[in-house]
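Residues per chain, in single letters:
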Amino acid sequence: MNFKDKIRIIPDFPKPGIRFKDITTLLRDGQALRAAVQEIANRFRDEKIDLVVGPEARGFVIGTPVAYELGCGFVPLRKPGKLPAETAKMEYGLEYGKDALEIHLDAIQPGQRILLVDDLLATGGTTRAAVELVEKLGGQVVGLAFLIELTYLEGRKQLGDKEVFSLVQY
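Residues numbered from 1 in each chain as written. Predicted model: local features only at pLDDT ≥ 70, side-chain atom pairs only at ≥ 80, totals over all residues. Heavy atoms only, no water.

- By the naming in an unreviewed UniProt entry, the protein is Adenine phosphoribosyltransferase, taken from Carboxydocella sporoproducens DSM 16521.
- As its UniProt record puts it under Catalytic activity (unreviewed entry), the protein is described as follows: "AMP + diphosphate = 5-phospho-alpha-D-ribose 1-diphosphate + adenine".
- We quote the UniProt Pathway (unreviewed entry) comment for the protein here in full: "Purine metabolism; AMP biosynthesis via salvage pathway; AMP from adenine: step 1/1." (UniProt positions renumbered as here; feature names shortened; annotations may be inferred.)

Structure (structure tokens):
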């Protein structure tokens, strides 16, 4: 399936010069969504994944069905203050400021094999923070999977030697 055909491009959103990649058109197409989830899951099926981890919010949308397809659990990474139990926190820089992700301290056991799934790899800052947070809890990140990768932003450079898989590249 040509997944690029399923992703709508919105020019000048959220500001002039940006060509926003809108995945809602892929998500509403049942065949495309299923194919995307299966392709990601198939790529990592032999990696003995214990948990899929996904950052808020689109990482939930893609990561949960990937976890289901792999027969493993899903762990959400949330914005600060959204998780009810004790958490670990990782801050990261944005173009104009900072943000942070949190995870429950008991969400990952040392040595568990983790697949991190999100909708988009851009500059790599959010993904790098997510990897550091998982590793802080003792998880072993065995792969990073994305629907879309903006290759011109060189996000892979932020991720060291981690294996990166993306369905669509721009």
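1. Description of the overall build of the protein
Okay, step 1: The number of helices and strands found in the protein is four helices and nine strands.
Okay, step 2: The globule rule puts the C-alpha radius of gyration for 170 residues at 15 Å, and the 15 Å found for the protein is close to it.
Okay, step 3: Summarising the internal contacts of the protein: among those between residues at least 6 apart in sequence, 56% fall at separations of at least 24.
Okay, step 4: Looking at the protein as shown, the accessible area adds up to about 8900 Å², and 49% of this sits on carbon and sulfur atoms.
Okay, step 5: Distance from the positive charge centre (23 side chains) to the negative charge centre (24 side chains) of the protein: 3 Å. (Helix = DSSP H or I, 4+ residues; strand = E, 2+ residues; numbered from the N terminus. Rg over C-alpha atoms; globule rule 2.2 N^0.38 Å. Contact = heavy atoms within 4.5 Å. Areas by Shrake-Rupley, 256 points an atom, 1.4 Å probe, with all protein chains shown as cover. Lys, Arg positive; Asp, Glu negative; His and termini not counted. Charge placed at Lys NZ, Arg CZ, Asp CG, Glu CD.)

2. Concerning the sheet that holds strand S3 (residues 51-55)
Okay, step 1: Taking strand neighbours across the sheet as the criterion, the five strands line up as S4-S3-S7-S8-S9 in an open arrangement whose pairing is parallel. Since the sheet does not close on itself, it has two edges, and those belong to strand S4 (73-77) and strand S9 (164-169), each with one partner. Strand-to-strand twist across the sheet, computed as the mean angle between neighbouring axes with direction ignored, equals 20 degrees.
Okay, step 2: Sheet topology places S3 next to strand S7 (residues 113-121); three bridges connect them, and they run parallel. Residue Val53 lies in a different strand from S7, and its bridge partner there is Leu116.
Okay, step 3: In this fold helix H4 (residues 125-136) packs onto S3, S4, S7 and strand S8 (140-149), with an angle of close to 160 degrees to the strand it touches most, S8. (Pairing = 2+ DSSP bridges. Axes fitted to C-alpha atoms, helices over the stretch in contact; angles between N-to-C directions.)

3. Looking at the environment of Arg45
Okay, step 1: Structurally, the position occupied by Arg45 is in the loop between helix H2 (30-44) and S3.
Okay, step 2: Given the relative accessible area of 35%, Arg45 is considered partly exposed.
Okay, step 3: As a C-alpha pair, Arg45 and Gly143 span 98 residues in sequence and 11 Å in three-dimensional space.
Okay, step 4: A polar atom in the side chain of Arg45 sits 2.7 Å from the side chain of Asn42. (Buried < 20%, exposed > 50% of the residue type's maximum accessible area, 1.4 Å probe, protein only. Polar contact = N/O pair within 3.5 Å; in protein donor to acceptor, adjacent residues only side chain to side chain.)

4. Re the pattern of salt bridges
Okay, step 1: Evaluation of the coordinates by the stated rule reveals 12 salt bridges.
Okay, step 2: The residue Arg128 makes a salt bridge to Glu132 at a minimum N-O spacing of 3.6 Å. Of the two residues, Arg128 and Glu132 both sit in helix H4, four residues apart, roughly one turn of that helix.
Okay, step 3: For Arg128, a relative accessible area of 32% translates into the label partly exposed. (Salt bridge = Lys/Arg side-chain N within 4 Å of Asp/Glu carboxyl O.)

5. Topic: the side chain of Glu149
Okay, step 1: One can find Glu149 in strand S8.
Okay, step 2: Beyond its immediate stretch of four places on either side in the chain, Glu149 contacts Leu121, Arg156, Val164, Ser166, Val168, Gln169 and Tyr170.

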